[in-house]
Amino acid sequence: MKRILLILIIILLHLPANAEVLEGGVSFDVNSAREELLKYSDNKIDKTLAESFYRDYYYKENQAYKLSANTTLKNRVLAFFSDTTYGVMYNAIPLYVWYYSKDGNLIYMEKKDSTEYPYKAYKYTPSGLLMNMSLRVSKEETFVYTPAGKLIAHWIGPNAYDEDNNIIMTREYKE
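Residues numbered from 1 in each chain as written. Predicted model: local features only at pLDDT ≥ 70, side-chain atom pairs only at ≥ 80, totals over all residues. Heavy atoms only, no water.

## Details of the overall build of the protein chain
Formally: The helix and strand labels rest on DSSP assignments: H or I over at least four residues marks a helix, E over at least two residues marks a strand, and numbering proceeds from the N terminus. Note on exposure labels: buried denotes an accessible area under 20% of the residue type's maximum, exposed denotes more than 50%, and partly exposed covers the range between, all computed with a 1.4 Å probe on protein chains only. In what follows, a contact means two residues having at least one pair of non-hydrogen atoms within 4.5 Å.
Looking only at helices and strands, one finds four helices and 10 strands in the protein chain. A buried classification covers 37% of the 175 residues belonging to the protein chain. Here the contacts in the protein chain between residues at least 6 apart in sequence split such that 35% fall between residues at least 24 apart.

This is the structure we're talking about:
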């Protein structure tokens, strides 16, 4: 047995040092994304920070950008949803996304654990109630769940799908 182990070690030591390195992305499915999000739930928000975003400071300007389809601005990125809500991420505080009603009132704030994919994000009401959690796998793909772990949507590109693979919402955005 020792002799076989010694032979294996010698063979491994003689393999080429310049062998090709394989690179691959992280992939998730509905179940593995759910498990990842339920491992850790960030249940804290900065209510003082939320208060300063109760009203969209750039409301009129953002609505004009919606009409022009320009979503990448000097200090922020916009996302417009088919249910008339929209999101704003300020470049100065990239770990937060602010979601507003069509009238410019804060309805949710999202706190990310990172800005690099994949990352987790937790969405709260302005009063601090956890509404959903998501795993953003890439620019094109996001899984969204209830706090209990039920799938709300699986975003792929501009479309959000339910558990039965039906489109339930669309979005327009650029990064």
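Continuing now.
## A closer look at the environment of Ile45
Its location among the elements puts Ile45 in the loop between α2 (30-39) and α3 (47-51). In sequence terms Ile45 and Met109 are 64 residues apart; their C-alpha atoms lie 8.8 Å from each other. Excluding residues within four positions of it along the chain, Ile45 makes contact with Met109, Tyr124, Thr125, Pro126 and Gly128.

## A short note on the pattern of salt bridges
Put simply, the rule is: Note on definitions: salt bridges are taken to be side-chain nitrogens of Lys or Arg within 4 Å of carboxyl oxygens of Asp or Glu.
Evaluation of the coordinates by the stated rule reveals four salt bridges. A salt bridge links Arg76 to Glu61, with the nearest nitrogen and oxygen atoms 3.1 Å apart. Within this pair, whereas Arg76 is found in strand β1 (residues 76-81), its partner Glu61 is found in helix α4 (residues 59-68), the two being separated by 15 residues in sequence. We classify Arg76 as buried; its relative accessible area is 2%. Ionic contacts of the salt-bridge type, sharing partners, join the residues Glu36, Lys39 and Lys120 into one network.

## So, the side chain of Arg34
In plain terms, the rule: His is not counted, nor are the chain ends; Lys and Arg add positive charge and Asp and Glu add negative charge. Residues adjacent in sequence count toward polar contacts only when both atoms are side-chain atoms; beyond that, a polar contact is any pair of N or O atoms within 3.5 Å, and within protein one must be able to donate a hydrogen and the other to accept it.
Looking at where Arg34 falls in the secondary structure, it is placed in helix α2. No salt bridge is formed by the buried Arg34, whose closest oppositely charged neighbour, Glu163, lies at an N-O distance of 5.2 Å. Among the polar contacts made by the side chain of Arg34, one reaches the main-chain carbonyl oxygen of Gly149 at a distance of 2.5 Å. Beyond its immediate chain neighbours, meaning those up to four positions away, Arg34 contacts Tyr145, Gly149 and Leu151.

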